Amino acid sequence: MNGVGTLDWIPILDRPDLLAAPVAAALADAPLDQGAPSVLVAEIDPGLADTAAFCAAYEVGLEISANCVVLAAKRSGATQLAACLVLATTRADVNGVARRRLDARKASFAAMDVAVAETGMEHGGITPVGLPPGWPLLVDAAVAATDRVIVGSGLRRSKLLLPGDVVASLPGAAIVEGLGVPTPG
């Protein structure tokens, strides 16, 4: 799985210091890396963690990168946190597909301080790996269909590279057609 962009991708077991605590715990509990490692990590400049800057600096295509956003879904006075994962060439259809899938009256991006506190991950590094138990994880079908995809590591200073089918098998994951809407341009 190496050879994506200009990064040095290594097995996660070789650099657990590049993973946020909940991410490391989730990967330690997962039956991954039997034989050839399926989840790799690369160290990056934390100032380049945002997707567009990351892709430009490390020569990675947007079509292999994914963004994980935390949503606050509200219904009958109750708020449920959830995550959406879409390719970087798209944006999450929060008010349509995600809201309906979460059976919410209203869905919006969660406040960043809430997202950071609840996930135990850094702003700009939030990832679908290691989300809190019970959280729904809506994964766009295009992400699940990728051979490999780059997501956050829970920290701004690294990224994970993993197969789409591994993402699809994460706890709470539901594959959702049409969750990612193409961005103009």
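Position numbers for residues start from 1 in each chain and track the written sequence from start to end. Under the rules for a predicted model, residues below a pLDDT of 70 receive no local features and side-chain atom pairs below 80 are neither given nor counted, while totals for whole chains, interfaces and linings still include all residues. No hydrogens and no water enter the side-chain calculation; it runs on all heavy atoms of the structure.

Participant: When you look at the sheet that holds strand β9 (residues 158-162) in this model, what are you seeing that I'm missing?
Facilitator: Picture the strands of a sheet paired through backbone hydrogen bonds; they go either parallel or antiparallel. A pair of strands is considered paired only if DSSP assigns at least 2 bridges between the two. Under the DSSP-based scheme used, a helix requires at least four consecutive residues in state H or I and a strand at least two consecutive residues in state E, with every element numbered from the N terminus. Within the open sheet, the four strands sit side by side as β1-β2-β9-β8. Their pairing is antiparallel. Unpaired on one side and paired on the other, β1 (10-11) and β8 (149-152) mark the two borders of the sheet. Two elements, β1 and strand β2 (residues 40-43), share two bridges in a ladder whose sense is antiparallel. The partner of Ile10 across the bridge, within β2, is Val41.

Participant: Explain the packing of aromatic side chains here, please?
Facilitator: Where two aromatic rings form a pair, the distance of their centres and the angle of their planes describe that pair. For Phe, Tyr and Trp, rings pair up if their centres lie within 6.5 Å, where Trp contributes its six-membered ring, and each pair is then called stacked (planes under 30 degrees apart), edge-to-face (over 60) or tilted (otherwise). As enumerated under the stated definition, the model contains one aromatic pair in all. To sit over a ring, a charge needs its Lys NZ or Arg CZ within 6 Å of the ring centre and within 35 degrees of the ring normal. Sitting over the ring of Phe54, Lys159 keeps its end group 5.0 Å from the ring centre.

Participant: Help me out: how do you make sense of the pattern of salt bridges in this one?
Facilitator: Two side chains with opposite charge may pair up if their charged atoms get near one another. By definition, a salt bridge exists where a carboxyl oxygen of Asp or Glu is found within 4 Å of a side-chain nitrogen of Lys or Arg. What the rule picks out here adds up to six salt bridges. Glu43 is the partner of Arg15 in a salt bridge, and the nearest nitrogen-oxygen pair spans 3.5 Å. Here Arg15, found in the loop between β1 and α1 (21-29), pairs with Glu43, found in strand β2; they are 28 residues apart in sequence, far enough to count as distant. Exposure classes here rest on a 1.4 Å probe applied to the protein chains alone. A residue is buried below 20% of its type maximum, exposed above 50%, and partly exposed in between. With a relative accessible area of 25%, Arg15 lands in the partly exposed category. On the accessibility criterion, Glu43 (44% relative accessible area) is partly exposed. Between Arg75 and Asp103 there is a salt bridge whose closest N-O contact spans 3.9 Å. Placement of the pair is Arg75 in strand β3 (residues 66-75) and Asp103 in the loop between α3 (94-101) and β6 (106-109), with a sequence separation of 28 residues. Three or more residues are tied together by salt bridges with common partners; here these are Arg15, Asp17, Glu43 and Arg157.

Participant: What should I look at first to understand the confidence of the model for the chain in this one?
Facilitator: In regions of low pLDDT, the predicted coordinates are not meant to be interpreted in detail. Scored by pLDDT, the chain comes out at a mean of 92, with 94% of its residues at no less than 70. The pLDDT score gives, residue by residue, the confidence of the prediction method on a 0 to 100 scale. By mean pLDDT, the top-scoring element of the chain is strand β7 (residues 137-140) (98), and the lowest-scoring one is α1 (89).

Participant: Whenever I open this one, unusual backbone geometry confuses me. Can you help?
Facilitator: Among all residues save glycine, negative phi is the norm, and among peptide bonds the norm is trans. At Ser76, a position not held by glycine, the phi torsion is positive, near 55°. Within the fold, Ser76 resides in the loop between β3 and β4 (78-87).

Participant: Explain the sheet that holds β4 here, please?
Facilitator: Spatial strand order, β6-β3-β4-β7-β10: five strands in an open sheet with mixed pairing. In this open sheet, the two edge strands, each paired with only one partner strand, are β6 and β10 (173-176). Strand after strand, the sheet turns through a mean of 30° between neighbouring axes, direction not considered. Summarising the sheet, β3 and β4 pair through 10 bridges and their orientation is antiparallel. To define axes, lines are fitted to C-alpha atoms, for helices over the stretch in contact only, and angles between the resulting N-to-C directions are given on a 0 to 180 degree scale.

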